[in-house]
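Coordinate analysis (summary)
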Amino acid sequence: MGDFPIESKRLKIIREELGLTQAEFAEKIGLSTTADIERGKTRITGSVVKELVKQFQVNPLWLYGESKQQKLPKADVSPKVISLNQMEEENIVMVGTKAAAGYGQNIGDVDFYQSLPVFTFPLPEFRNATFRGFQITGDSMVPLVQPSDWVIARAVANLSDVVSGQVYVVVEEESVRLKQVKINKAQTKLTLISLNLDYPPVETESKDVLELWEYHSKITTKREAGPGLETIYQELQEIKRKL
């Protein structure tokens, strides 16, 4: 038993605290049995970690032996995995449109994150915080963000940190959405608002939000439509001459 991975031991601790058999516990977290995991024969998948977080508020860092706190704080929406470079500095993980489709299902799976590109910004405003990049699809947040732009967003730890009316990346099991967010006083519901008025507001339950990231900046690879700065400058100079 002493050679078993710590996550195997801690999964058994969770099950025993709940007073469930292996079969009963497995049914709750989408498995046929937990016996092989508890014996260290198979690894815990990202989908299992997601269910442990969602149903039992298990702290993924505790599960893997990196924290003494077994339960996540109430309304926790902090990152479930972070990436470090060789200097022990945090990378900015970039979640493209294809990766976003499976992001919620793999939110606690370390292997999933290792397949994503990472980079760092040598700028002071990107220090002392966790940032993540998300590629945006659709035009619901025009004019703030254009389709295919990359949003760089800062991690939010708790729903109590949400500033109503600000723009956030909202991560749920089946979606990653950039929206203006309004939260009710009880912090039980979020209203997600598009800047493009063609899209009506939608509501989501706070309990369904896995992570929340505050909009910070964007990276665009498209040339802005309309006249460039040089053209505008020349036109202004012409107007001055005429005056």
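The following paragraphs examine the structure supplied in this document. Here the structure is a predicted model, which is why all the values come from computation and not from measurement.

Take the sheet that holds strand S2 (residues 118-119) next. Spatially, S2-S1-S3-S4-S9-S5-S6-S7-S8 is the arrangement adopted by the nine strands of the open sheet, whose pairing is mixed. Looking along the sheet, the strands with just one partner apiece sit at the ends: S2 and strand S8 (202-205).

Moving on, we come to the environment of Val181. Within the fold, Val181 resides in strand S6 (residues 175-183). On a C-alpha basis, the gap between Val181 and Val170 in space is 8.7 Å, while along the polypeptide they are eleven residues apart. Discounting residues that sit within four places of it in the chain, Val181 has contacts with Val162, Val163, Ser164, Gly165, Gln166, Tyr168, Val170, Leu190, Thr191 and Leu192.

Moving on to helix H4 (residues 46-56). In terms of residue burial, H4 counts as a mostly covered element, since eight of its eleven residues are buried. Among the residues of H4, those classed as buried are Gly46, Val48, Val49, Lys50, Glu51, Leu52, Val53 and Phe56. Where the residues of H4 are buried, they touch helix H1 (6-18), helix H2 (22-28) and helix H5 (60-63). Trailing H4 by a residue or two, Gln57 shows a phi angle of about 55 degrees, which is positive.

Among the secondary structure elements, Lys50 is positioned in helix H4. Sequence-distant contacts of Lys50, that is, excluding residues within four places in its chain, are made with Gly104, Gln105, Ile107 and Glu173.

This part covers the layout of surface pockets. What the largest pocket holds in volume is close to 660 Å³. No other element matches the four residues that helix H7 (residues 110-114) contributes to the lining of the largest pocket. Here the lining of the largest pocket is built from residues that sort into 14 nonpolar, seven polar and seven charged.

Conventions used here
- Residues numbered from 1 in each chain as written.
- Predicted model: local features only at pLDDT ≥ 70, side-chain atom pairs only at ≥ 80, totals over all residues.
- Heavy atoms only, no water.
- Pairing = 2+ DSSP bridges.
- Helix = DSSP H or I, 4+ residues; strand = E, 2+ residues; numbered from the N terminus.
- Contact = heavy atoms within 4.5 Å.
- Buried < 20%, exposed > 50% of the residue type's maximum accessible area, 1.4 Å probe, protein only.
- 1 Å grid on protein atoms, 1.4 Å probe; cavity = no way out; pocket = protein on both sides within 12 Å on 5 of 7 lines; lining within 4 Å.
- Points joined across faces, edges and corners; volume = space filled by probe spheres on them.
- Nonpolar A, V, L, I, M, F, W, Y, C, P; charged D, E, K, R; others polar.

Just geometry here; none of it tells us what the structure is for.
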